[in-house]
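In case you want the letters, here they are:
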Amino acid sequence: MSLDGREGELKENRKFQLKDPWRVEIIQNHRLLLANPYRSTISFGGSREESVVQDISLDKLQKMKPILLIEMDYSLNKTYTGRVIKLKSLEPVLVMPVYLSMIVEDTDGDSQRCIIHNYQYNAETVDEIFGIGCKFSIINPHLRTGAADNKPFIKVTDPATVILHRTEGVRKMCRYCGIENAEKHCAKCKTANYCDRDCQTRDWKVYKHKHLCA
Ligand SMILES: [Zn+2]
Ligand SMILES: [Zn+2]
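Residues numbered from 1 in each chain as written. Chains lettered and ligands numbered in written order. Predicted model: local features only at pLDDT ≥ 70, side-chain atom pairs only at ≥ 80, totals over all residues.

Colleague: Help me understand the overall build of the protein in this model?
Modeller: Looking only at helices and strands, one finds six helices and 12 strands in the protein. Residue burial in the protein is summarised as follows: out of 214 residues, 27% are buried. Here the contacts in the protein between residues at least 6 apart in sequence split such that 60% fall between residues at least 24 apart. (Helix = DSSP H or I, 4+ residues; strand = E, 2+ residues; numbered from the N terminus. Buried ≥ 20, exposed ≤ 12 C-beta atoms within 10 Å, placed from the backbone. Contact = placed C-beta atoms within 7 Å.)

Colleague: Mind showing me how you'd approach the nonpolar core here?
Modeller: One broad trend across soluble globular proteins is that nonpolar side chains are buried collectively. In this structure, Met102 and Ile138 are the most contacted members of the largest nonpolar core, which totals 38 residues. Considering each element in turn, this core owes the most residues, four residues, to strand 5 (residues 99-106). Counting contributing residues per domain, this core is built from domain 1 (12-170) and domain 2 (171-214), each supplying no fewer than three. Leaving out residues up to four positions away in the same chain, Ile138 has contacts with Val84, Ile85, Leu87, Ile154, Val156, Thr161 and Val162. (Core = buried A, V, L, I, M, F, W, Y, C linked by C-beta atoms within 7 Å. Domains from an automatic or database assignment.)

Colleague: Explanation requested: the pairing of strand 9 (residues 152-156) in the structure shown.
Modeller: Among the five residues in strand 9, four count as buried, and that is most of the element. Judged from the three bridges that link them, strand 6 (residues 111-117) and strand 9 form a sheet pairing that is parallel. Along strand 9, the bridge assignment pairs Ile115 with Lys155. Here three bridges tie strand 8 (residues 142-145) to strand 9, and the two strands are oriented antiparallel to one another. Each residue of the ladder has a partner; that of Leu143, found in strand 9, is Ile154. Counted along the chain from strand 8 to the antiparallel partner strand 9, the turn is six residues long, and its residue Asn150 has a positive phi close to 60 degrees. (Pairing = 2+ DSSP bridges.)

Colleague: Looking at this structure, how should I read helix 2 (residues 21-35)?
Modeller: The periodicity of an α-helix, 3.6 residues per turn, causes residues three or four places apart in sequence to face the same way. For helix 2, spanning 15 residues, the distance from its first C-alpha to its last is 21 Å, which sits close to the expected 21 Å at 1.5 Å a residue. What helix 2 keeps buried is the set Arg23, Ile26, Ile27, His30 and Arg31. All buried residues of helix 2 fall inside an arc of 130 degrees around its axis, so they share one side. Along helix 2, exposed side chains directed more than 90 degrees from the buried face belong to Pro21, Glu25 and Leu32. (Expected span 1.5 Å × (residues − 1). Arc of directions from axis to C-beta.)

The following block contains the structure:
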């Protein structure tokens with residue numbers, strides 16, 4: 001197959017992926033929750049220091065076997081011991097009283113909800129660590145179903161299994177397609193970046209940007 005053909009195929013696949021019903025559902029729900037003023041009124045006890053990962057070197061991380069979301073079966077409520085999943089955050093962090101909630105995408109472009117418990121964070125800087133475009137890996141990832149909705153999410157209870165890749169973050173990530181250096185932005189909220197009008201329109205229609213646009 002020619003290079004052009006291959007690129008064309010990838011683009012088609014990506015378009016399909018971006019409209020995946022589960023991706024649309026979790027992003028829309030996340031944005032609805034973010035729009036709730038609950039977020040800004042929470043005060044979280046404990047240390048104001050961020051958690052620091054100490055035991056795992058990048059060298060050790062590179063020797064672990066990677067895993068993708070497609071290889072994990074949420075109905076098993078299983079921990080994939082000895083595996084590591086690399087993720088990119090797609091949305092602002094939803095700060096809940098006892099956990100951080102985010103929407104993530106794996107290196108294959110599949111998306112999922114991710115909940116991190118017991119992570120000591122600073123509310124002012126948490127989006128610089130886990131917000132839009134931030135990358136991190138989870139060692140021994142656990143995919144399970146939520147008690148409330150019986151739908152899948154990645155659950156992290158030990159913050160030491162979270163490895164941040166702070167230098168790899170995606171700058172000016174398009175809020176629809178995820179591409180880096182999206183120079184256009186929403187004229188109203190001025191916070192959402194887009195490649196072009198097409199991505200902006202799709203973000204509005206498909207993922208409901210209006211929940212975040214103020
Ligand atoms: Zn885009
Ligand atoms: Zn906006």
